[in-house]
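# Descriptive analysis of the structure
Take a look at the letters that make up each chain.
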Number of protein chains: 2
Amino acid sequence: MKNVYDNEMFFNEYQTMRAVEINANNLIENPIMKSMLPDLNGKTILDLGCGDGNMETYFVKNGAKKVVALDLSENMIAEAKKINNHDNVEYYVMGMEDISSINQKFDIVYSSLAFHYIQDFNKLLNDIYNLLNQGGILIYSQESPLSTAPIFENDNYQSKIFIGNKRYNLLSDYCNQTERNNYWNGVPVTKYHRTYAGIVNALIKNKFNILEMQDSYASAEAIALCPKYAYQNDKPYFTFVKAEK
Amino acid sequence: MKNVYDNEMFFNEYQTMRAVEINANNLIENPIMKSMLPDLNGKTILDLGCGDGNMETYFVKNGAKKVVALDLSENMIAEAKKINNHDNVEYYVMGMEDISSINQKFDIVYSSLAFHYIQDFNKLLNDIYNLLNQGGILIYSQESPLSTAPIFENDNYQSKIFIGNKRYNLLSDYCNQTERNNYWNGVPVTKYHRTYAGIVNALIKNKFNILEMQDSYASAEAIALCPKYAYQNDKPYFTFVKAEK
């Protein structure tokens, strides 16, 4: 399976976007994910969709014993091995669909903004459950169901509208838990929309004990750096889950 | 505390609306609530916000041993005692804020479309937990967080908009878990908006084991009777929770 991050144009655009320090990943998603992590000292961690490995350096600096980090993109793994190389981090080119082949167990499974690309969420959760030690923790973020829900008729869509002075987001197809085909940086991307209830039920079905669910918010600092992040309050970009085996 | 259902104009409008068989309560909410109930044989049930007691007759017909049914409205309880009177059903005028004074335990706590009127959801869940037998079940419905979220500038608002041929709902203030002041049948009504994540976290915090979360959907039969119910798919009216002590 060819990964979107191995499309050269997309990869370059993505690298440029992430290199800018004022972005939603750095200012919103990443601080919330870090705040949800347990004490990492002596822990073994599996990172699903590690990208360029920036969290691997964080895990190691905070005492993780061993990290296995996967990404479907050869470009990303090559980059990670270059800039976030550590003795106790192993990087592999591997899709989340194939993790049932991994032959060890972990204290923490971590995944940042990748699960919305996965079609079979039930299989993924079942595989993760099998890869966790008893009492182990799954922490993941994904695009918010309010972001993935609406289907627009063409690619020049408007997703928000002003009525008087107030901005509203457009919402449709919330209960349609199917794929969404959009463009991102000029490349077609397929995501899978799931409702909040759908996420909760899938976790329960796969025997997870839900510990916390969160929507993204922007700190005062983030809003000062990028005022439009105040709109998180109207419709969060991201949703976060912490669950226990 | 004066209840909106004891406002005479409102009560009459409400009775007229509910008397029509084609309404969202009969065609959407009630069938889903019934489908979520466990076997009622020999069970004790506490119904919070029983209205005119129509579910009490259903509970008794399906084998419930005893039902305690509360409503804040004197009008509603008077009506219930008249039209849904049974030896093993006790009706009381009582608000959900006061249930900690009840001195017995139940197998099932049931509540239809009432929790969005309650300001202190944490206290309510804690009180319900204390009123359930071990292994007892809470089943409730409320207006969907997608319905309660948006704040509109005046009462002549539009909550939907067409773009081309497609209808979108307007969404704002989703993360604002505060009160919402609207008009219903000409009477001001205060509701409390909570997000899906907020509901999940409150249940977890109060030691409930979540068994199921659902959004409303319209059956083919319901859509045939009332075509606009197909829009449930874009933005559900109701959200349902089943949780265990």
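Each residue is numbered by its place in its chain's sequence as written, counting from 1. Chains carry letters from A onward and ligands carry numbers from 1 onward, assigned in written order. Only residues with pLDDT of at least 70 get local features here, since the model is predicted, and only at 80 or more are side-chain atom pairs given and counted; chain-wide, interface and lining totals rely on the full set of residues. Hydrogens are left out, water is left out, and the side-chain values use all remaining heavy atoms of the structure.

### What about unusual backbone geometry?
All names here are of chain A. Spelled out, the test is: The way it works is that DSSP assigns letters per residue, a run of H or I at least four long becomes a helix, a run of E at least two long becomes a strand, and they are numbered from the N terminus. The classification of residues rests on relative accessible area computed with a 1.4 Å probe and restricted to protein chains. Under 20% of the type maximum is buried, over 50% is exposed, and intermediate values are partly exposed.
Not every positive phi belongs to a glycine, and L113 is a case in point at roughly 50°. Considering the arrangement of structural elements, one finds L113 in the loop between β4 (106-111) and α5 (121-131). Unusually for a residue other than glycine, D173 sits at a positive phi of about 55°. For D173, a relative accessible area of 7% corresponds to the buried category.

### Points about the packing of α5(A) against helix α7 (residues 196-205) of chain A
All names here are of chain A. For clarity, the threshold we go by: Axes, fitted as lines to C-alpha atoms, cover a helix only where it is in contact. Angles between the N-to-C directions of the axes lie from 0 to 180 degrees. Throughout, the term roughly parallel applies to angles under 35 degrees, roughly antiparallel to angles over 145, roughly perpendicular to angles from 65 to 115, and oblique to all others. Note: crossing handedness is left-handed where the near helix turns anticlockwise from the far helix by less than a right angle, and right-handed where it turns clockwise. For this analysis, residues touch if any pair of their heavy atoms sits within 4.5 Å. Ten residues, namely Ala, Val, Leu, Ile, Met, Phe, Trp, Tyr, Cys and Pro, are considered nonpolar, four, namely Asp, Glu, Lys and Arg, are considered charged, and the remaining ones, Gly among them, are considered polar.
Between α5 and α7, the least distance of the axes is 9 Å, while the angle of their chain directions is 40°. The pairing of α5 with α7 is recorded here as oblique in orientation. Considering how the two elements wind past one another, α5 and α7 form a crossing that is right-handed. Contacts between α5 and α7 involve F121, N122 and L125 from the former and I199, A202, L203 and K205 from the latter. For the contact of α5 with α7, the residue count by class is 5 nonpolar, 1 polar and 1 charged.

### Points about the relation of the copies chain B and chain A
What counts is decided by this rule: We superpose the copies by least squares over the C-alpha atoms of residues that have a pLDDT of at least 70 in both of them.
Once turned by 180° and shifted 0.0 Å along the axis, chain B lies on chain A with an RMSD of 0.0 Å. Considering both components of the superposition, the chain copies are consistent with a two-fold axis. Measuring from the rotation axis to each C-alpha of chain B, the shortest distance belongs to L170(B), at 2.6 Å. In this assembly the copies share their binding face: 100% of the residues contributing to the interface of chain B also contribute to that of chain A.

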